[in-house]
Amino acid sequence: MTKIIPRWEWRTFGSDLQEFLDVFKQYEKTGVKESEETYILSRKSDDNIKIRFELIDMKTLLRHSDDGLEQWTVLGKAGFPVHINDLALIFKAFGIRLPYLEKDEYDFASFMNEIVGDIEDLVPVQVVKKRHIFTVEEAICEYAQVTIDGKPTETVAIEHTDIHLVRSLVAKLDLINLRNVNYIHAMKKSAGIL
């Protein structure tokens, strides 16, 4: 098995975070990434389940630090058609019992329509991102323009395996007075289910 190293993350959302893009521009830019993603929010869980580039990506929150940083780890990834074995893991992340399924595999459309669409506690959210990614003292930093079901917002994030580095960069980049909010909470608030 491949060793997965959990990452500490700090993130905030707002309507006027452009100044932090200018701050990040002083450092090494590693790319701009654009994507359209489907997140599936669960009323029973705060695990992060998203579909991007035909791949289901699952992350879970391991713990919070005393000052509010969050440590996330990868639960797994699954491609389409998604097999019932992977669906068992996905539904565990949803915090919902896996329903009886007629088939062993589901393509994206049937997964969304025949499974997700039939479960009231699951809410799909369409997210479009344009991420500007930088390396600051070995940490990944990003400024992104995001739409959540058509509603525009901006986000700034710092992540690394070393909590001390993340904590020091939050202070150094003058982000310390902004609230740490992860994607799931931001989307649940936007969707009115938080």
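First, a word on what this report is: a plain description of the structure on this page. Just so it is clear, the structure is predicted and the values come from calculations on it, not from any experiment.

## What about the packing of aromatic side chains?
The final tally for this structure, using the stated rule, is 6 aromatic pairs. Between Phe80 and Phe108, the ring centres sit 5.6 Å apart and the planes meet at 90°, which makes this aromatic pair edge-to-face. On the criterion of sequence distance, the pair formed by Phe80 in the loop between strand E5 (70–79) and strand E6 (82–83) and Phe108 in helix H3 (residues 108–115) is long-range, its members being 28 residues apart. For Phe80, a relative accessible area of 17% gives the class buried. Assessed through its relative accessible area of 29%, Phe108 is described here as partly exposed. Members of the aromatic cluster, connected to one another through ring pairs, are Phe13, Tyr39 and Tyr183. Directly above the aromatic system of Tyr183 lies the positively charged group of Lys129, at a separation of 4.3 Å from the ring centroid.

## A look at the sheet that holds strand E8 (residues 122–136)
What the 8 strands build is a closed barrel, ordered E1-E5-E4-E3-E2-E8-E9-E10; its pairing is antiparallel. For this sheet, the mean angle separating the axes of adjacent strands, direction not counted, is 35°. In this structure, strand E2 (residues 28–42) lies alongside E8, joined through 14 bridges in antiparallel fashion. Counted as the bridge partner of Ile40 is Pro124 from E8. Across the sheet, helix H4 (residues 163–172) touches strand E1 (7–14), E8, strand E9 (139–148) and strand E10 (151–160), and the angle it forms with E10 is around 130°.

## A look at the pattern of salt bridges
Inspection of every chain in the model, using the stated rule, returns 11 salt bridges. We note a salt bridge from Asp67 to Arg167, for which the minimum N-O separation is 2.6 Å. Here Arg167 lies in helix H4 and Asp67 lies in the loop between strand E4 (55–64) and E5, a separation of 100 residues in the sequence. Residue Asp67 is classed as partly exposed on the basis of its relative accessible area, which comes to 45%.

## A few points about the environment of Glu154
Locating Glu154 in the fold gives a position in strand E10. For Glu154, a relative accessible area of 13% gives the class buried. Not counting residues up to four positions away in its chain, the partners in contact with Glu154 are Thr12, Phe13, Gly14, Ser15, Asp16, Leu17, Gln18, Tyr143 and Ala144. There is a polar contact of 3.3 Å between the side chain of Glu154 and the backbone nitrogen of Gln18.

## Description of the side chain of Arg11
Within the fold, Arg11 resides in strand E1. If sequence neighbours within four positions are ignored, Arg11 has contacts with Glu142, Thr155, Val156, Ala157, Arg179, Asn180, Val181 and Tyr183.

## So, helix H5 (residues 183–191)
Listed as buried for H5 are Tyr183, Ile184, Ala186, Met187 and Lys188. Elements in contact with the buried residues of H5: E1, E2, strand E3 (48–52), E8, E9 and E10. The N-cap of H5, judged by a side-chain oxygen 3.0 Å from the amide nitrogen of Ile184 a few residues on, is Asn182.

Criteria and cut-off values
- Residues numbered from 1 in each chain as written.
- Predicted model: local features only at pLDDT ≥ 70, side-chain atom pairs only at ≥ 80, totals over all residues.
- Heavy atoms only, no water.
- Phe/Tyr/Trp six-rings, centres within 6.5 Å; stacked < 30°, edge-to-face > 60°.
- Helix = DSSP H or I, 4+ residues; strand = E, 2+ residues; numbered from the N terminus.
- Buried < 20%, exposed > 50% of the residue type's maximum accessible area, 1.4 Å probe, protein only.
- Lys NZ or Arg CZ within 6 Å of the ring centre and 35° of its normal.
- Pairing = 2+ DSSP bridges.
- Axes fitted to C-alpha atoms, helices over the stretch in contact; angles between N-to-C directions.
- Contact = heavy atoms within 4.5 Å.
- Salt bridge = Lys/Arg side-chain N within 4 Å of Asp/Glu carboxyl O.
- Polar contact = N/O pair within 3.5 Å; in protein donor to acceptor, adjacent residues only side chain to side chain.

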